[in-house]
Amino acid sequence: MENKKSLFSRLPVISQLKKSVGLQRGMLVAGIVLTLIFLLTAALAPLIAPYGATQRFDLTQAAPSSAHIWGTTAGGYDVFSRTIWGAQTAFIVIVVAVALSIFIGVILGLVSGYIGGWLDRILVVVADAIYAFPTLLLAMVMSIALSQGRSDMWSGILAAAISITVVFIPQYFRVIRAETIRLKAEPFVESAIVVGASSVRIMARHIYKNATRTLPLIFTLNASEAILTLAGLGFLGFGIEPSAAAEWGYDLNHAQSDATAGIWWTGVFPGAAIVLTVLGLTLLGESMNDLNDPRLRGRKKAKKNGAQKQEELVEA
């Protein structure tokens with residue numbers, strides 16, 4: 001039972017929650033709550049949404065009512081249902097994009113950092129070349145190349161996810177490569193080389209576990225960036241068509257003309273969904289990043305000890 005408790009307390013979010021205090025804990029809790037709302041909305045979308053994501057009605061630009069609590073769009077879509085289903089679309093794209101990015105980026109980082117030589121130089125140059133392009137522009141180019149005019153749900157989601165994957169791979173590659181180069185000089189790796197362990201075994205058994213400890217932090221930060229990239233693609237018309245799936249960026253784009261006519265409900269709710277989801281993931285990621293920094297932890301501990309000593313002096 002104690003082992004289970006210790007394992008639970010070492011989980012990424014739980015361990016940071018125990019370390020946090022004051023404002024930092026408030027930010028972390030707010031991030032956790034907003035992220036959980038997003039995840040639950042995505043998971044329970046079929047139960048929450050009263051209508052389908054692509055279901056259309058004769059009522060267009062109708063104000064919020066009992067039949068359509070957040071009104072309808074110019075295309076006859078229910079705003080509430082589209083916003084709820086949009087969470088599921090965003091979640092699928094995030095999972096596919098970040099999973100592919102981690103898988104490819106970790107493998108390339110391990111190989112590049114451990115083997116080195118000409119392969120390392122080529123991979124570093126390619127990663128730097130990708131960084132030279134603006135994130136959204138690169139995602140747009142990849143989306144056009146991959147979608148080829150198809151707008152059905154899964155091809156659109158896959159095209160958006162792969163577009164975001166290409167943008168994120170260099171980030172994971174650089175982090176894992178730097179950690180691999182550092183760990184390669186550690187005594188336990190040198191000992192494995194001496195006993196005759198193969199390069200694949202050393203990378204998979206000894207370096208991989210130690211080099212990937214920071215991935216949960218990068219994952220939370222990249223998840224918020226993935227939502228913004230997906231929304232940007234949809235807003236610019238390179239995302240998923242409304243007849244295939246719900247997507248917040250597309251709905252926000254088509255709400256621009258409504259805003260000038262005083263029809264606020266078609267843009268406020270998708271926009272709020274983007275803002276709150278990105279805010280929650282950013283608060284979660286930044287709080288975890290700060291709490292994993294030993295310098296900040298040491299500073300916080302010193303401040304706490306100083307406050308305790310001051311209280312003891314006052315009491316004395």
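Residues numbered from 1 in each chain as written. Predicted model: local features only at pLDDT ≥ 70, side-chain atom pairs only at ≥ 80, totals over all residues. Heavy atoms only, no water.

Draft legend 1. Examining empty space enclosed by the protein more closely. Tallying each qualifying case throughout the model produces two cavities of 30 Å³ or more. Of the voids in this model, the largest cavity is the one considered here, and its volume is about 40 Å³. In this structure, the largest cavity is lined by G86, T89, A90, I227, L230, A231, A246, E247 and W248. Considering only residue class, the lining of the largest cavity consists of six nonpolar, two polar and one charged. Around the second largest cavity sit T73, D78, V79, R82, D251, T266 and P270, which together line it. Sorting the residues of the lining of the second largest cavity by element identifies α5 (79-115) and α14 (265-291) as the ones contributing at least two each. For the lining of the second largest cavity, the residue count by class is two nonpolar, two polar and three charged. (1 Å grid on protein atoms, 1.4 Å probe; cavity = no way out; pocket = protein on both sides within 12 Å on 5 of 7 lines; lining within 4 Å. Points joined across faces, edges and corners; volume = space filled by probe spheres on them. Nonpolar A, V, L, I, M, F, W, Y, C, P; charged D, E, K, R; others polar. Helix = DSSP H or I, 4+ residues; strand = E, 2+ residues; numbered from the N terminus.)

Draft legend 2. Spatial organisation of helix α10 (residues 199-211). Between its first and last C-alpha atoms α10 spans 15 Å; for 13 residues at 1.5 Å apiece the expected length is 18 Å, and the helix comes up short by more than 12%. Residue R205 marks the point of greatest curvature in α10, where the axis turns by about 25 degrees. Along α10, the positions that sit buried rather than exposed are I202, M203, I207 and A211. (Expected span 1.5 Å × (residues − 1). Bend = angle between axes of the 7 residues up to and from the residue. Buried < 20%, exposed > 50% of the residue type's maximum accessible area, 1.4 Å probe, protein only.)

Draft legend 3. Quick peek at the side chain of T83. Within the element layout of this structure, T83 appears in helix α5. Looking at T83, the relative accessible area reads 7%, which means it is buried.

Draft legend 4. A look at the nonpolar core. Ranked by internal contacts, the top residues of the largest apolar core, which has 47 residues, are F38, I94, I164, I207 and W248. Mapped onto this core, the elements with two or more residues apiece are α3 (22-43), α5, α7 (135-147), α8 (153-184), α9 (187-194), α10, α11 (215-235) and α14. Leaving out residues up to four positions away in the same chain, I164 has contacts with V93, A97, S101, A226, T229 and L230. Core analysis: the second largest hydrophobic core is formed by seven residues, A53, F80, I84 and W85 among them. (Core = buried A, V, L, I, M, F, W, Y, C linked by side-chain atoms within 4.5 Å. Contact = heavy atoms within 4.5 Å.)

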